[in-house]
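Spelled out from the first residue to the last, the chains are:
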Amino acid sequence: MRTRKVIHTVSVHAEGEVGDVIVGGVAPPPGDTLWEQSRWIAKDETLRNFMLNEPRGGVFRHVNLLVPPKDPRADMGFIIMEPIHTPPMSGSNSICVSTALLDSGILPMQEPVTELTLEAPGGLVKVRAHCKDGKAERITVTNVPSFADKLDVPLEVPGQGTITVDTAYGGDSFVIVDAHALGFSVQPSEAAALTELGMKITRAANEQLGFRHPENPDWSHISFCQFACPVAGKNGRLIGRNTVAIEPGKLDRSPTGTGVSARMAVLHAKGQMQVGDILQGVSIIDSEFVGRIEKETRLGDTTAIVPTITGRAWVTGTHQHMLDPDDPWPEGYRLADTWPNA
């Protein structure tokens, strides 16, 4: 078969959320740091479009590019490409990357526990993988420091009126709203309505509230809207159902690792969680991430927490993505029936 390029991927999902991993066929992008490399990927868009646009991708897909780490303490670096954003960190994607590295043998697996250090654009993350019979069965990721930004602030949403929201960072930036107060119980039948309202809330939050990361001035927007149901205590931990609306218009199938981290930061700031406490996040498809506050820290003048997220991922296949020299859509295409605002 003739082709102008071949990109090798391991296809993975973490608790339902797709996070494919590019393992060959792409040279590391220019940049002295992982963050600079991720900004180059975001600006250039060639790789993003080829992998995320149809016919190879779709709005439901995330893709991770493995790169040599810049920090000598790391075993591997990875750059996350989501439908619109190229974020600092992602919980589900870091679990997918860890699983792909170990299950495919790119990095050696030690049973029953393998410990790794990954370098994301937003910083180093420690990984502890519980492994059995050649499979990484459960991954715990020590996330980047997470913090609450604005608490219980009013937000005007077109067609919805004034609602009360929190904003926070958990490796990515969120506006968090009370799902029950908006009439949702976070069920699959509500997915379309949650997505539509989530996009409105995210846009309104960026326009009216904004966001500032205390140590990364390049990250100055809110990426996602998290619909969070009230938490309840059970068996010594908090349990909370949630879903996250991701631009340009889809719901995370997992409980969202950065979202669980951001929510724990908010609950900590409100005195509802302390160091050592656990939050079990439940997604719209009933999959689960278990979050834990490991310690308190600071980012500049901002109080933060260091969270861990535990979840599972599964390899669904391996692929060789090709480009025929005569293909009239070398970077793919988007249509508004599945890619809103295309």
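Residues numbered from 1 in each chain as written. Predicted model: local features only at pLDDT ≥ 70, side-chain atom pairs only at ≥ 80, totals over all residues. Heavy atoms only, no water.

Trainee: Would you explain empty space enclosed by the protein in this entry?
Mentor: One water molecule sets the probe size; rolling that probe over the atoms shows where empty space is left. Counting across every chain of the model gives 1 cavity of 30 Å³ or more. Looking at the largest cavity, its volume works out to about 70 Å³. Glu82, Ser90, Asp252, Thr256 and Thr258 are, among the 14 residues lining the largest cavity, the residues nearest its centre. Broken down by secondary-structure element, the contributors of at least two residues to the lining of the largest cavity are helix 3 (91-103) and helix 5 (257-269). Here the residues of the lining of the largest cavity are counted per class, giving 3 nonpolar, 8 polar and 3 charged. (1 Å grid on protein atoms, 1.4 Å probe; cavity = no way out; pocket = protein on both sides within 12 Å on 5 of 7 lines; lining within 4 Å. Points joined across faces, edges and corners; volume = space filled by probe spheres on them. Helix = DSSP H or I, 4+ residues; strand = E, 2+ residues; numbered from the N terminus. Nonpolar A, V, L, I, M, F, W, Y, C, P; charged D, E, K, R; others polar.)

Trainee: Could you clarify how one ought to interpret the layout of surface pockets in this entry?
Mentor: Computed from the structure, the largest pocket encloses a volume of approximately 340 Å³. As for the largest pocket, its lining consists of 19 residues, and the residues nearest its centre are Asp166, Val177, Asp178, Ala228 and Lys270. Put simply, the parts of the chain that give the lining of the largest pocket at least two residues each are strand 10 (161-169), strand 11 (173-178) and helix 5. Looking at the lining of the largest pocket, the element that brings in the most residues is strand 10, giving 4 residues. Looking at the second largest pocket, its volume works out to about 190 Å³. As for the second largest pocket, its lining consists of Trp35, Pro88, Pro121, Gly122, Gly123, Val144, Pro145, Tyr169, His213, Glu215, Asn216 and Leu299. Partitioning the lining of the second largest pocket into residue classes produces 7 nonpolar, 4 polar and 1 charged.

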